[in-house]
Every structure is written in C-alpha cells, then in structure tokens.
Amino acid sequence: MADLTRWTVEPAGRTEYGPGVLAELPAFVDSLGHARVFVVTDRGLRATGIVGRVEKLLTAAGIEHAVHEDVGPNPSTAELDRGAARLRGFGVATVLALGGGSALDAAKGISLLAGNPGAAAADADRLWGAGDGLPLIAVPTTAGTGAETNGFGVTEDRCTRRKVYIGHSSVRPRIAVLDPELTLGLPAAVTAATGLDALVHGIESLASRGSTPFSAAYATRAVELVGHWLPVACRDGGDLAARSGLMLGAHLAGHALTLSGLGLVHGIGHALTAHTGTPHGVALAAVLEEVMAFSEPAYEATARALRSPAGPGAAIEAVRGISGAIGIKRPLRELGVTRGDIPAIAAAAVADAVTKNAPRLPSEAEVVELLHGVY
C-alpha cells in the first residue's frame, strides 16, 4: 500500500564503523576544523583503559584536550550545569562524547548549555529554540542507547524527580565513531541492559504512531540484529561478531527512534528510573511484554523482524525468550518500588512525552493495573 502521509527526514550525521576505527579519531577531529577537544565521559570509564587510549591518540596528534569525567548514571541537571561551566572555561572546542548513553546525553546537554551562556539544564524546554551548541563527535562504548544518532538527551531533575529532555539540532553528533572493539569484555549485565534498550527502540519504533517507511526500515533491521546477537554477546563477551552486530543494530535503532519516537515502555521506564534509580534497560525489561500485550495488534511487524510465527502474540513470546536468555526481567518489588509508589510512577509515565506516541494511549488507571501486574 502506498504511503500518502506527509513526513520529513533530516540528513543523518556521518558514521564511521568498524573494528579498530577509533585509531582514526585525530583525522575525524581535524575534519571538523577545531584543534582543541573537550572530552565528556563517565566516572568509571577510565578504569577500562579507553579514556587513556583516547588521550594518547589526541596527544600524539598534537591536539590540545581536557577530560571531563563528572558524569554518573542517569546524569542530573546539576551535572550538566557543572560540565557546561567547565567547557565555557576551556573555550571553543570540539566536544568528544565518550562512553555509554549517559555520557553521550550529558555531552549533548553540556555542549548546548556552553553555547548559551546563562542557560540552565533545568530550563531545557526553552533551549529547543536556543543558539547553537559546540560540534560533537560521539564514541559509544556500549551498544544500546543510539544516542550518537540524534541531538537530544535525557537528564534528571532530582528536585522534581522527573526526566527532562534537552537538545537541539546543532548538537546532533557530526560524526559517530562505532568501534565494536570498545565493547569487548563488557559485563553480561551491562550488555543485557544496554542491548535490551536497543531492542525496545526497534520494537517501539515499529509500533509507534510516528512510524514512517524510513523509520520502519531502520527499526526492522535493528530488531533482527539485536534479537539475534544480544543473547550471544551476553554468553560470550569476547565474541567480536556478536559485538559488531549488536553495535550496528543499536545504531540503526537509534536512527529509527529519532524518526519515529518511542512509546509507553519508555514512558514507564523513565518514571521507574526517576523514582528508584533502576538502570534504564532493566526498567524497560520489567514492563516490556506487558506493554506489548496492552496494545498487542501493533506488534505484527516485530514478529516478522524476529522471524517468529505470524501474529503479534508470537512477538511477545519471542521477546520473552530473549529476556529470559539474558536474565534481565525483574519484578518491581526487586527494583525498590513499593505499592505506594505505583500511582506516582503511573502518573509520571502517562505525562511523559514519549507515551503520547504509543499505539494505544493508556489512562493512569490502566498503567496502575499494569504495574501491579508486574509487582
């Protein structure tokens, strides 16, 4: 059937993919016209040796740089404000986002805030029409969020216990450097959580109200790749083929969600993480199959992508099998949720912007019932 709707696709940034491609980083920096680099990364990445490798590459190429390592899991608006203040002090530079989704999201916010003196992360809603941020190169070290594909991120306002979307077209990474060797040896739990996030990106992109032929093409291949390689990568963290397939799948899923938007799984996941600090992928896994069952007819395309028998019910069974294989699903009570928390989590989920893109719009009462069902 022909698609007669009106939609827009913006050009994607440049992608550099392949084992060992990190070695070409100085040339990528040079192509953006800056001789200085401000590296934004998370507090734990240095222990892996990756930060040191990046510093050696930049030093050997004579590129002046500073490393900002003040980013934690689920970065807060305060962390973004601190990073922006440091970047303003460092001066004009290319921002190198290095790490998992939290570091990449934080780098985008820091870049945008630095380019808008006087702006604060808590006022993110006003920054969508702001001045440009500094140019970014994104180097993901996990395969999950797809944050390297778009110009927005999620931060946490801990005063109001809510997720805040911060972004601007100018901070969409100019270059995404995808080196699957950087993910070799990631612990199984981290692989599972980030990979499940990528799987949900593909699944929700296929089912969302914002789905287009472009997003569906990205999402279908993403679900195929992640669905196949995620269990393999969790079993053997040193399997480079699995790591490569998983990283490519996560990247394609990022392109899909950028075009289509997400849905209720992420709406609930954001609320769970804001209330309990649960890692994002674990929060998504807690409700994934149940949300799919809530709007079951929307997932036939997922069943086809996962090469399951026809019908949306088969998609749910396939996803249940993947979650079981990687050992990620937990009841809410194990994630620190009390029954008294459920109404507030449900209200936050329904209010989240991504929920409005779900194939079936839920009421608060329906989300409360769903959450009690996975408690």
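The notes below deal with the structure included here.

Residues separated by three or four positions in an α-helix point in the same direction, a consequence of the helix having 3.6 residues per turn. In this model, helix H4 (residues 101–114) (14 residues) spans 20 Å end to end at C-alpha, consistent with the 20 Å of a helix rising 1.5 Å per residue. In terms of residue burial, H4 counts as a mostly covered element, since 13 of its 14 residues are buried.

A few words now on unusual backbone geometry. One non-glycine residue, Asn-74, lies in the positive phi region at around 50°. Mapped onto the secondary structure, Asn-74 falls in the loop between strand E3 (64–68) and helix H3 (77–90). Judged by its relative accessible area of 16%, Asn-74 falls in the buried class. Within the chain, Arg-307 stands out as a residue other than glycine whose phi angle is a positive 55°. Relative to the helices and strands, Arg-307 is located in the loop between helix H10 (300–305) and helix H11 (312–326). By relative accessible area, which is 69% here, Arg-307 ends up exposed.

Here the focus is the nonpolar core. One finds Leu-196, Ile-268, Val-287, Met-292, Ile-328, Leu-332 and Leu-371 to be the most contacted residues of the largest nonpolar core, which totals 63 residues. Tallying contributions element by element places helix H9 (residues 280–294) first for this core, with 10 residues. Sequence-distant contacts of Leu-332, defined by excluding residues within four places in its chain, comprise Leu-272, Ala-286, Val-337, Leu-371, Val-374 and Tyr-375. Counting 27 residues, the second largest nonpolar core, distinct from the first, contains Ala-106, Leu-113, Ala-124 and Leu-134.

Taking 1.5 Å per residue, 21 residues should reach 30 Å; helix H7 (residues 240–260) reaches 30 Å between its end C-alpha atoms and fits that length. H7 sits mainly inside the fold: 16 of its 21 residues count as buried. Of the residues flanking the start of H7, the one acting as N-cap is Asp-239, its side-chain oxygen 3.1 Å from the backbone nitrogen of Ala-241. Once H7 finishes, Gly-261 follows within two positions and takes phi at roughly 80°, a positive value.

Residue placement: Leu-182 occurs in the loop between strand E8 (175–178) and helix H5 (188–207). For Leu-182, the residues in contact, after removing those within four places along its chain, are Leu-22, Ile-50, Arg-53, Val-139, Pro-140 and Thr-141.

Criteria and thresholds
- Residues numbered from 1 in each chain as written.
- Predicted model: local features only at pLDDT ≥ 70, side-chain atom pairs only at ≥ 80, totals over all residues.
- Heavy atoms only, no water.
- Helix = DSSP H or I, 4+ residues; strand = E, 2+ residues; numbered from the N terminus.
- Expected span 1.5 Å × (residues − 1).
- Buried < 20%, exposed > 50% of the residue type's maximum accessible area, 1.4 Å probe, protein only.
- Core = buried A, V, L, I, M, F, W, Y, C linked by side-chain atoms within 4.5 Å.
- Contact = heavy atoms within 4.5 Å.
- Polar contact = N/O pair within 3.5 Å; in protein donor to acceptor, adjacent residues only side chain to side chain.

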